[in-house]
Amino acid sequence: MAKHFRSKSKMNAHDTTHDLTNQAKVYAARMRLQNTIDQADALDAIREIAGNLIGTEQVAVFKVDKRRSELWLYWSFGIDPNKHVLLDVRQEPQLHPVLKGKPVFREHPGKNLLSTDEPVNAIVPILVDGAVAAVVVLFRLVTHKPALEPVDRQICEVLSNCAARAVSPQFAK
Amino acid sequence: MPKKVLLVDDSTTTLMMEEMILKQRTTYNCVTAKDGLDAISRAVVESPDLILMDVVMPRMNGFEACKRMRLEDSLREVPIILVTTRGEEEYVEAGYQSGCNDYITKPINGHELVTLLHSYLGE
């Protein structure tokens, strides 16, 4: 019986730490983005959050053009920018929900979100004054991370709502 | 007397997260440094019981900082855990050659971090 309680309490400690890690990640992402000082710092925050909290060293930000038919590469880290100059909305169906403000995540390893050679694990809209001004694309995950986890989706929500400064200089402090 | 942990990372996001986890789940005190050079001077002044250090940092990376710390009498025996995004064998081997005791991969798993630190510092 004592053994049962011990293992149960060990499991609870594990669950509590797991919850706490998730809270800490979401909190750190929010604080980092809210405390950015200018556009360059905000883009650096996106890189940090992608690399240190989510687990990808390949990330890009695409801006939405006025006609909302194309997205052009605005900033990137860890990818070949020449391969990802433009995203054509007509050829990328996964961009449709994103342009309406809904992030999309890779559900099946065999199915990519964009028509590129690199695996795309998430496309996250960046909201500026409630409208989608840009998207963050998270490419290949680090080798020891097989897939995005529920907490990563929460972090992406934070990215969506708190990263306006990265694409709109008027948000500079 | 609570144990002291020196957290080293150029990413404020990572430092914030590590500090939050350790404050909530352990009794350790945390001090921070933002790169390898800063870490060496902080470590000499603060005499931490353990150093948790990122590898990729500006000015001086974690491998080099680790090597230099091992040359300091006061830091020779302090456990150093490197934090790396890459878990590949050669990368880990380079860490051990620089004098680290252990390594943990990013993105950090809180339970793994706390368990590892407990194994060196006790609960």
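Residues numbered from 1 in each chain as written. Chains lettered and ligands numbered in written order. Predicted model: local features only at pLDDT ≥ 70, side-chain atom pairs only at ≥ 80, totals over all residues.

K.L.:
Even after reading the chapter, I still don't get the interface of chain B and chain A, so can you show me in this structure?
P.N.:
How big an interface is tends to be reported as the loss of accessible area on association of its parts. Counting from both sides, the interface comprises 19 residues of chain B and, opposite them, 23 residues of chain A. Of all the secondary-structure elements, those providing two or more residues to the side of chain B that touches chain A are helix H1 (12-25) and helix H5 (110-121) of chain B. Its residues assigned to classes, the side of chain B that touches chain A comprises six nonpolar, eleven polar and two charged. (Contact = placed C-beta atoms within 7 Å. Helix = DSSP H or I, 4+ residues; strand = E, 2+ residues; numbered from the N terminus. Nonpolar A, V, L, I, M, F, W, Y, C, P; charged D, E, K, R; others polar.)

K.L.:
Honestly, the sheet that holds strand S3 (residues 50-54) of chain B in this entry has me stumped. Any pointers?
P.N.:
Note: strands within a sheet are paired through backbone hydrogen bonds, in either parallel or antiparallel orientation. Residue and element names in this part refer to chain B. Reading across the sheet, the five strands line up as S2-S1-S3-S4-S5 and stay open at both edges, with parallel pairing between neighbours. Because the sheet does not close on itself, it has two edges, and the strands there are strand S2 (29-33) and strand S5 (102-105). Here the strands of the sheet are splayed against their neighbours by 20° on average, with no regard to which way each runs. The pairing of strand S1 (residues 4-8) with S2 spans five bridges and is parallel. When the bridges of S2 are listed, leucine 7 appears paired with threonine 32. (Pairing = 2+ DSSP bridges. Axes fitted to C-alpha atoms, helices over the stretch in contact; angles between N-to-C directions.)

K.L.:
What exactly am I supposed to notice about the pairing of strand S4 (residues 80-84) of chain B here?
P.N.:
It is a general feature of regular strands that their side chains alternate between the two faces of the sheet. Residues and elements named next belong to chain B. For S4, the buried fraction is high: five of the five residues fall into the buried class. Side chains Ile80, Leu82 and Thr84 project from S4 onto one buried face, and the interleaved Ile81 and Val83 project onto a second face that is buried too. In this view, the connection linking S3 to its parallel neighbour S4 by way of helix H3 (residues 62-71) has right-handed handedness. Both S4 and S5 contribute to a ladder of four bridges, which runs parallel. Opposite isoleucine 81, over in S5, you have aspartate 102 as the bridge partner. (Buried ≥ 20, exposed ≤ 12 C-beta atoms within 10 Å, placed from the backbone. Right-handed = clockwise from strand over helix to strand, strands pointing away.)

K.L.:
What's the story with the sheet that holds strand S1 (residues 59-64) of chain A in this structure? I'm lost.
P.N.:
All names here are of chain A. Strands sit in the order S3-S2-S1-S6-S5-S4 across an open sheet of six strands; the sheet is antiparallel. Of all the strands in the sheet, the pair left with one neighbour each is strand S3 (86-88) and strand S4 (104-105). Inspection of the sheet shows strand S5 (residues 122-128) paired to strand S6 (residues 131-138) by seven bridges, in the antiparallel sense. When the bridges of S6 are listed, isoleucine 123 appears paired with valine 137. Sitting on the sheet, helix H2 (residues 39-54) touches S1, strand S2 (70-77) and S6, and the angle it makes with S1 is about 135°. Where helix H4 (residues 150-162) meets the sheet, it contacts S4, S5 and S6, and its direction lies at approximately 30° from that of S5.

K.L.:
Quick question: what am I supposed to make of the environment of valine 61 of chain A here?
P.N.:
Residue and element names in this part refer to chain A. Looking at the element boundaries, valine 61 is found in strand S1. For the pair formed by valine 61 and asparagine 35, sequence separation is 26 residues and the distance between their alpha carbons is 19 Å. Ignoring any residue separated from it by four or fewer positions in sequence, one finds valine 61 in contact with Leu43, Ile46, Tyr74, Trp75, Ala134, Val136, Ala166 and Val167.

K.L.:
How should the confidence of the model for chain B be read in this particular structure?
P.N.:
Any region with low pLDDT has predicted coordinates that should not be read closely. All names here are of chain B. Of all residues in chain B, 98% have pLDDT values of 70 or greater, and the mean over the chain is 93. Mean pLDDT across the elements of chain B ranges from a minimum in helix H4 (residues 89-97), with 84, to a maximum in S1, with 98. Scored as a whole, the predicted complex attains pTM 0.89, and scored at its interfaces, ipTM 0.87. (pLDDT = per-residue confidence, 0-100.)

K.L.:
Would you mind going over the packing of H2 of chain A against H4 of chain A with me for this structure?
P.N.:
Residue and element names in this part refer to chain A. Axis separation between H2 and H4 bottoms out at 11 Å; the angle between their running directions is 170°. Of the possible angle classes, the one that applies to H2 and H4 is roughly antiparallel. Residues Ile46, Ile49, Leu53 and Ile54 of H2 form the contact with H4, whose own contacting residues are Asp152, Ile155 and Leu159. (Parallel < 35°, antiparallel > 145°, perpendicular 65-115°, else oblique.)

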